[in-house]
Amino acid sequence: MAIDRRRPKPSRRSHFVIRETLLLLFLLLICAPSPSSSSSSSSSSMHNNNWAVLVCTSRFWFNYRHMANTLSLYRTVKRLGIPDERIILMLADDMACNARNTYPAQVFNNENHQLNLYGDNVEVDYRGYEVTVENFLRVLTGRHDSAVPRSKRLLSDEGSHILLYMTGHGGDEFLKFQDSEELQSHDLADVVKQMKEKNRFKELLIMVDTCQAATLFSQLNSPGVLAIGSSMKGENSYSHHLDSDIGVSVVDRFTFYTLTFFEKLNMYSNASLNSLFASYNPTLLMSTAYYRTDLYERPLNEDRSCSSYEWLKVLQDRLADEKSDTIVMYGLGTMILLLTVSTWLST
Amino acid sequence: MANLLIFIADFVTAMLIRATGQKLLLSRRQSLEYLNLPKLVKNSANINAGDLASLIYLWNPLTIVTCLGLCSSPIDNLMVVLTIYAACSRLAPLAAFGYVLATHLSLYPAILILPVILLLGYGPDAPPAKLFLHKSSNSDGKDPSNNDESRSAVTTHKPVRCFSRRPVVHFMIWVSIWSCYVLFLCSIYLKGLGGLQEMFKKTYGFILTVGDLSPNIGVLWYFFAEVFEFFRNFFLIVFHVNILFMILPLAIRLKHRPCFLAFVYTAISAMLKSYPSVGDSALYLGLLGLFANELADMQFSFFLFFGYIGVSLLSPVMHNLWIWRGTGNANFYFATGLVYSCLQTVLIVESVSTMLKHDRMLRKHVIA
């Protein structure tokens, strides 16, 4: 009812504090961030399509998990928006209709059998004995016989981002195809160089889940290539768990944790590759995930530039890349603290 | 864990309601003593409104049901009551915090800005200002024997309620600080999921565009299930303006009683919002108890009390008949929804008219 008589000192102090914080916040307010897509700074072409080449190189029933790996990635890539016309799926053997499969026409990547990877929406482009090193190299370089249909060709151009995923058995500087031939690291480097010459990709992400996967990238030399391997030289990559019902291991560790990361995303997400790298835990993987970013021109964190808009965006990116949960927890704690202090000051 | 959080939220809300009630009681005693109406203080139902209101809030079956259902309504209610309490105690940062979070969690507490500004400017509820002017003019001109008393009264509390601008300015500054902070934290948390734009689209956008027409205890779903696409936007505007156009007239009429104004606003928004729930009703029924002294002779109280009980019992029955058994249809359930909003309307109208009657009675006593 009446005007409260206040002690003048605390209010003046708090008023000063309020003015300071207000000034700081107005500065931040001016450069209010808005979601915007980052543009490439280096090359002149624009990113306008995505492709995926998913290769499983092993045959035989006990390599069930490699098939499950590839099919899980296939499903994830489709869920995140790449259509079948832009996916080349190469499976070296048929696990779904294998005589040893107690669940006919079903492939699982988890012993809880929650998800059937081999639904009625799977298009396999290269199957069985068609998965050879020669065909693989032909797909990547685009040098096909004229009779090869369009669905079996990688029709990418200079604006394509391509995901190349390979899984199977590998070793020091090689990857085994069909238990009878090998793809070597210099073959891979050569074919990537040819692709770059022919402008068949803008950015290429190679993910390999085999033993000693990092060695496969040792000869890569073309710009715009990012490579992730599941283990270093001298290390094995392990399977995740055994399904006692099917009788074999159903998924590999590296692929399992990659899928866990992608399950949190949807088509509209803007998650960065840094957060993918950060999510790999060497203890859980039982190997060291290796990634090669030196050939990748666009920096994975934006460069600092002078304008405060960019600075705020960088701050947000950095904050979001690292554990955003803990940041928000600290933010909430600070908020409560600020609340109690300000209330105490204003009484 | 969630249970514990909701218990704590409910308990703290009740404590804050009690504290607000005590402040209101103090202000009421002061103003009645100043107006030289001590006999009113003794005669009228002198219940401790704060205790009563907090007990009503805690023991309300609707509150208990909300708590058991693990809704987030208790947290919304806590923020609204925090805002009202802090505004009554003239704590600008706390009031701003409660206001920002209440608006952030559900859009409708934004209309509480008017009562909060009035509370910060004028102070808690009191009889209309012209009574004080009348009293002071009376004491100056006609009763020289009461001069000493009135002069001492003048020195202890200033008779004219002037609008003090400083708490309001502080409040505005703190609102901007807290809202920037909250939005910044949200933008960090939602960086990978579409950012702030997506958040606004999915929260405020959803509330305003009424995307989901599943049956609830409100009145919007039935209407919007049958409205034509061409008129949908028009009727959305109509339904939302239905709340907005009542704000200003009520504020003009009840500006001397900002706490009561806040109660009326919460009741109106609980009735006409797009997705109401019983948690909102629990809030305003608790706040109703704060004005037990003034609303002691409210009409239709028997009808309202048993109406609420009846609707609370019949509404789930009709829902079950329609959805689970299939022996009823939407009209059964919507009828209970209509009765519910009817009861709320009667409650609001009666409480406002009783409050105005109370003010008129005070005026009669002062002039007489």
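Residues numbered from 1 in each chain as written. Chains lettered and ligands numbered in written order. Predicted model: local features only at pLDDT ≥ 70, side-chain atom pairs only at ≥ 80, totals over all residues. Heavy atoms only, no water.

1. Describing the side chain of Ser-231 of chain A
The criterion, for reference: Where helices and strands are cited, they refer to DSSP runs of H or I of at least four residues and of E of at least two residues respectively, numbered from the N terminus. In protein, a polar contact means a hydrogen-donor-capable atom and an acceptor-capable atom, both N or O and within 3.5 Å, with residues adjacent in sequence counting only if both atoms are side-chain atoms; elsewhere, any N or O pair within 3.5 Å suffices.
Considering the arrangement of structural elements, one finds Ser-231 of chain A in the loop between strand 9 (225-229) and strand 10 (239-242). For Ser-231 of chain A, the side chain forms a polar contact with the main-chain oxygen of Thr-210 of chain A, separated by 3.2 Å.

2. Considerations on the pairing of strand 2 (residues 87-91) of chain A
Residue and element names in this part refer to chain A. Quick note on the threshold: Any residue under 20% of the maximum accessible area for its type is buried, any over 50% is exposed, and the rest in between are partly exposed; the area is computed with a 1.4 Å probe on protein chains only. Here, a strand pair is defined by DSSP locating no fewer than two bridges between the strands. Note on handedness: a clockwise path from strand one over the helix to strand two, with the strands aimed away from the viewer, defines a right-handed crossover.
Across the five residues of strand 2, five count as buried, placing the element largely inside the fold. Alignment of strand 1 (residues 49-56) against strand 2, held across five bridges, turns out to be parallel. Bridging across to strand 2, Ala-52 finds its partner in Ile-87. In the classification by handedness, the crossover that spans strand 1, the intervening helix 2 (residues 64-79) and the parallel strand 2 is right-handed. Where strand 2 meets strand 3 (residues 126-127), two bridges bridge the pair, whose relative direction is parallel. By the bridge assignment, Leu-91 is partnered in strand 3 with Arg-127.

3. Considering the UniProt feature "transmembrane region" (unreviewed entry) in chain B
Quick reminder of the rule: UniProt positions are given in the numbering used here, feature names are shortened, and annotations may be inferred rather than shown by experiment.
Residues given the UniProt feature "transmembrane region" (unreviewed entry) here are residues 62-87, 99-122, 171-192, 204-224, 230-252, 259-278, 298-318 and 330-349 of chain B. The span residues 204-224 of chain B shows a helical share of 52% and a strand share of 0%, and its end C-alpha atoms are spaced 18 Å apart.

4. Structural notes on empty space enclosed by the protein
All names here are of chain B. Convention followed: The rule is simple: put a 1 Å grid over the protein atoms alone, call a set of points where a 1.4 Å probe fits but cannot get out a cavity, call an open set with protein on both sides within 12 Å along at least five of seven lines a pocket, and count a residue as lining if it has an atom within 4 Å of a point. Grid points are joined across faces, edges and corners, and a volume is the space filled by probe spheres set on the points.
Under the defined criterion, the tally for this structure stands at four cavities of 30 Å³ or more. Size it by volume and the largest cavity reaches roughly 170 Å³. If you trace the largest cavity, you find 15 residues lining it, with Val-80, Pro-109, Ser-269, Asp-280 and Leu-283 closest to the centre. Only helix 5 (73-88), helix 16 (258-272) and helix 17 (278-288) provide two or more residues apiece to the lining of the largest cavity. Residue contributions to the lining of the largest cavity peak at four residues, all from helix 16.

5. Quick look at the sheet that holds strand 9 of chain A
Strand pairing in a sheet takes place through backbone hydrogen bonds and is either antiparallel or parallel in direction. All names here are of chain A. Spatially, 3-2-1-4-8-9-12 is the arrangement adopted by the seven strands of the open sheet, whose pairing is mixed. Taken across any chain shown, the strands that pair with only one partner, and hence form the sheet edges, are strand 3 and strand 12 (290-292). Here five bridges tie strand 8 (residues 203-209) to strand 9, and the two strands are oriented parallel to one another. Residue pairing across strands places Met-207 opposite Ile-228, the latter belonging to strand 9.

6. Focus: the UniProt feature "active site" (unreviewed entry) in chain A
All names here are of chain A. Put simply, the rule is: By the convention used here, residues are in contact when the closest approach between their heavy atoms is within 4.5 Å.
The positions that UniProt labels "active site" (unreviewed entry) are, in the present scheme, His-169 and Cys-211. A maximum C-alpha distance of 6.4 Å is found for the annotated residues, which run over 43 residues; spatially they form one tight group. Tracing the chain through its elements places His-169 in the loop between strand 4 (160-167) and strand 5 (170-171). Leave out the neighbours within four places in its chain, and His-169 touches Thr-57, Ser-58, Asn-63, Arg-65, His-66, Leu-175, Lys-176 and Thr-210. A distance of 2.8 Å separates a polar atom in the side chain of His-169 from a polar atom in the side chain of Asn-63. The exposure class of Cys-211 is buried, given its relative accessible area of 18%.

7. Quick look at a nonpolar patch on the surface
All names here are of chain B. In plain terms, the rule: Each patch is built from salt-bridge-free residues with over 30% relative accessible area, joining like charges within 9 Å and nonpolar side chains (Val, Leu, Ile, Met, Phe, Trp, Tyr) within 5 Å. Per-residue and other accessible areas follow the Shrake-Rupley method at a 1.4 Å probe size, with only the shown protein chains counted as cover for residues. What counts as a salt bridge is simple: a side-chain nitrogen of Lys or Arg found within 4 Å of a carboxyl oxygen of Asp or Glu.
Together, Leu-4, Phe-7, Ile-8, Phe-11, Val-12, Met-15, Leu-55, Leu-58, Trp-59, Ile-64 and Leu-68 make up an exposed nonpolar region whose accessible area comes to about 1100 Å². With six residues, helix 1 (residues 2-34) is the largest single contributor of residues to the nonpolar patch. Locating Leu-4 in the fold gives a position in helix 1. Take Leu-4: its relative accessible area is 47%, and that puts it in the partly exposed class.

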